[in-house]
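# Close look at the chain arrangement
Now for the letters of each chain:
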Amino acid sequence: MPRFLHTADWQMGRSYSRFEIEDGAALVEARFAGIEKLAQLANEHQCDAVLVAGDVFDAQTVSDRTIRRVFNATKDFTGPWVMLPGNHDAALAESVWTRARRLGAVPDNMHLALKPEVIVLEPQGLAILCAPLTQRHTYGDLTEPFSQYETPNDLLRIGLAHGSVQGLLSEDIDATNPIAPERADASRLDYLALGDWHGTKQVNERTWYSGTHEAERFRNNDAGNALIVEIATPGATPSVARVATGQYQWHQWREILTVESDLEELLKRLEALPDASVVDLRLEGAITLAGEDRLLDALSVAEARFRSIQCDRSNLQLEPTDDDIAALHADGYVGEVIGELRQQQQEQQSEEARDALAILAGLLKDREQEAGQ
């Protein structure tokens, strides 16, 4: 019973410039570790082959070191790998793939599908019908020729392609590189392994996007998986198992704080996240000085625990309560200044007033702490 691992969209060579250097480097390393995990999973599940449905590399210009490291990371699985060029690493006349071959980096068990063809893996019981992108964007269905491809009757017909299934994905997804939704049936495929959509997604019982092996963006689309596919005989319905491969979980929250319980809920959710989290927060609404203290303390703890946390508080207004003011012992002129800043914030939505209020409150708290020592 042939069994193979389906993965895609590794995007190796991708950079993470929006993050701190240390965090960006860790996210890059997680992608290499993810390839090693794919090889281990292929061994654990006794897979006959690994199929990579495009965008192995993020760009044609990745470094030689990245190329070598990618192929080195596959070494634990010694069975056949089939790698398909996608839109980021299209099989141009001169490409990252031709460079990899010149470097001597491509191992003998690696099949590079650089042209439309059928790669026959007879010992594994598989015939891989390949539709590589030979340019970044096309406007015709490159899987259409699959219908004319002849394969041995005793081998599974497995399509391998990279693009957008028409009528399936949201309208803002690039409409180039189209794939007919009925391709598997029309071309008598036992399974169609797709890449381009970075989350795991089933199109029909024979057509799947595996998604990327390691999440790399803030989009809740079920990234960080690989698919183990088993098909008993030609024509049989595939058995598809989703296997988690991702090291980091990415979370993007947009929160409006209006009452104290909103902050309580936010802090509980933060505390419940696993250490291997990448978090992007954008907070709006209002918060008291006491609440601001609690939030900053929680963010400080999270910075040490998570892989990364970024928090935009520019639209979160400070609204000191009377108790906040009393706790600061802001009498006389200082108290008048705080009152003026509170009024500017409420009436003019002034970001400058918010920042000034935060600075002043911080100075007063520091003074209180020093006085207590």
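Structure: above.
These numbers come from a predicted model, not from an experiment. (Residues numbered from 1 in each chain as written. Predicted model: local features only at pLDDT ≥ 70, side-chain atom pairs only at ≥ 80, totals over all residues. Heavy atoms only, no water.)

### Let's talk about a negative patch on the surface
The condition that has to hold: Only residues whose relative accessible area exceeds 30% and that form no salt bridge are eligible for patches; like-charged ones are grouped when within 9 Å, while nonpolar side chains (Val, Leu, Ile, Met, Phe, Trp, Tyr) are grouped when within 5 Å. Calculation of accessible area relied on Shrake-Rupley with a 1.4 Å probe; when residues are assessed, cover is drawn exclusively from the protein chains displayed. Between Lys or Arg on one side and Asp or Glu on the other, a salt bridge is scored when a side-chain nitrogen of the former is within 4 Å of a carboxyl oxygen of the latter. In this charge count, Lys and Arg are treated as positive and Asp and Glu as negative; neither His nor the chain ends contribute. Each charge is placed at NZ for Lys, CZ for Arg, CG for Asp and CD for Glu. Numbering of helices and strands starts at the N terminus; helices are DSSP runs of H or I of at least 4 residues and strands are runs of E of at least 2.
A surface patch of negative charge is lined by Glu284, Asp312, Glu351 and Glu352. You can see Asp312 is positioned in strand β17 (residues 308-318).

### As for the pairing of strand β2 (residues 49-52)
For clarity, the threshold we go by: Note on classification: 1.4 Å probe, protein chains only; a residue is buried when its accessible area is under 20% of the maximum for its type, exposed when over 50%, partly exposed between these limits. Two strands pair if DSSP finds at least two bridges between them. The definition of a right-handed crossover adopted here requires that, viewed with the strands pointing away, the path from the first strand over the helix to the second runs clockwise.
Neither face of β2 is left uncovered, since the one carrying Ala49 and Leu51 and the one carrying Val50 and Val52 both have all their residues buried. Direction of pairing for strand β1 (residues 3-7) relative to β2: parallel, over a ladder of four bridges. In the strand pairing of β2, Phe4 is matched with Ala49. Where the polypeptide runs from β1 across helix α1 (residues 21-44) and back to β2, its parallel neighbour, the crossover connection is right-handed.

### Considering the pattern of salt bridges
For the structure shown, the criterion picks out 15 salt bridges. Among the ionic pairs, Asp280 bridges to Arg18, the shortest N-O distance being 3.2 Å. Residue Asp280 is located in strand β16 (residues 277-287), and its partner Arg18 is located in the loop between β1 and α1; the two are separated by 262 residues in the primary sequence. A salt bridge links Arg242 to Asp222; the shortest N-O distance between them is 2.1 Å. Residue Arg242 is found in strand β14 (residues 239-244), and its partner Asp222 is found in the loop between β12 (207-209) and β13 (225-230); the two are separated by 20 residues along the sequence. Connected through shared salt-bridge partners, Arg18, Arg254 and Asp280 make up one network.

### Quick look at the sheet that holds β14
Heads up, the rule is: Geometry is summarised by axes, namely lines fitted to C-alpha atoms with helices restricted to the contacting stretch, and by angles between N-to-C directions that run from 0 to 180 degrees. Contacts are assigned to residue pairs with any non-hydrogen atoms lying within 4.5 Å of each other.
Spatial strand order, β4-β3-β2-β1-β13-β14: six strands in an open sheet with mixed pairing. Strand pairing shows two members of the sheet lacking a second neighbour, β4 (110-112) and β14, which therefore form its edges. Adjacent strand axes in the sheet meet at a mean angle of 20° when their direction is disregarded. Relative to β13, β1 is paired through four bridges, and the arrangement is antiparallel. Bridge pairing in β13 places Arg3 opposite Glu230. Of the strands in this sheet, β1, β2, β3 (81-83), β13 and β14 touch α1, which is tilted by about 160° from β1.

### With respect to helix α2 (residues 64-73)
As a reminder, the rule being used: It is the directions from the helix axis to the C-beta atoms that the arc portrays.
Taken residue by residue, α2 has Thr66, Ile67, Val70, Phe71 and Ala73 as its buried positions. Along the axis of α2, the buried residues cluster in a sector spanning 160°; they form a single face. Residues of α2 that are buried in the fold lie against α1, β3, α3 (96-103) and β4.

### Some details on the side chain of Asn225
Under the convention used in this document: A 3.5 Å cut-off defines polar contacts: any pair of N or O atoms within that distance qualifies, except that in protein one atom must be a possible hydrogen donor and the other a possible acceptor, and neighbouring residues in sequence count only when both atoms are side-chain atoms.
Note on placement: Asn225 falls in strand β13. The exposure class assigned to Asn225 is buried, which follows from its relative accessible area of 7%. A distance of 3.1 Å separates the side chain of Asn225 from the side chain of Thr200, its partner in a polar contact. A polar side-chain atom of Asn225 sits 3.0 Å from a polar atom in the side chain of Asp222.

### Here's the deal with the packing of aromatic side chains
Selection rule: We call Phe, Tyr and Trp rings a pair once their centres come within 6.5 Å, taking the six-membered ring for Trp, and we label the pair stacked below 30 degrees between planes, edge-to-face above 60, and tilted otherwise.
Scanning all chains against the criterion turns up 10 aromatic pairs. An angle of 80° between the planes, with centres 6.2 Å apart, marks the rings of Trp10 and Trp81 as edge-to-face. Of the two residues, Trp10 is situated in the loop between β1 and α1 and Trp81 in strand β3; the sequence distance between them amounts to 71 residues. As far as burial versus exposure is concerned, Trp10 and Trp81 are alike and both buried. Between Phe146 and Tyr149, the ring centres sit 5.9 Å apart and the planes meet at 45°, which makes this aromatic pair tilted. Given a relative accessible area of 16%, Tyr149 falls into the buried group.

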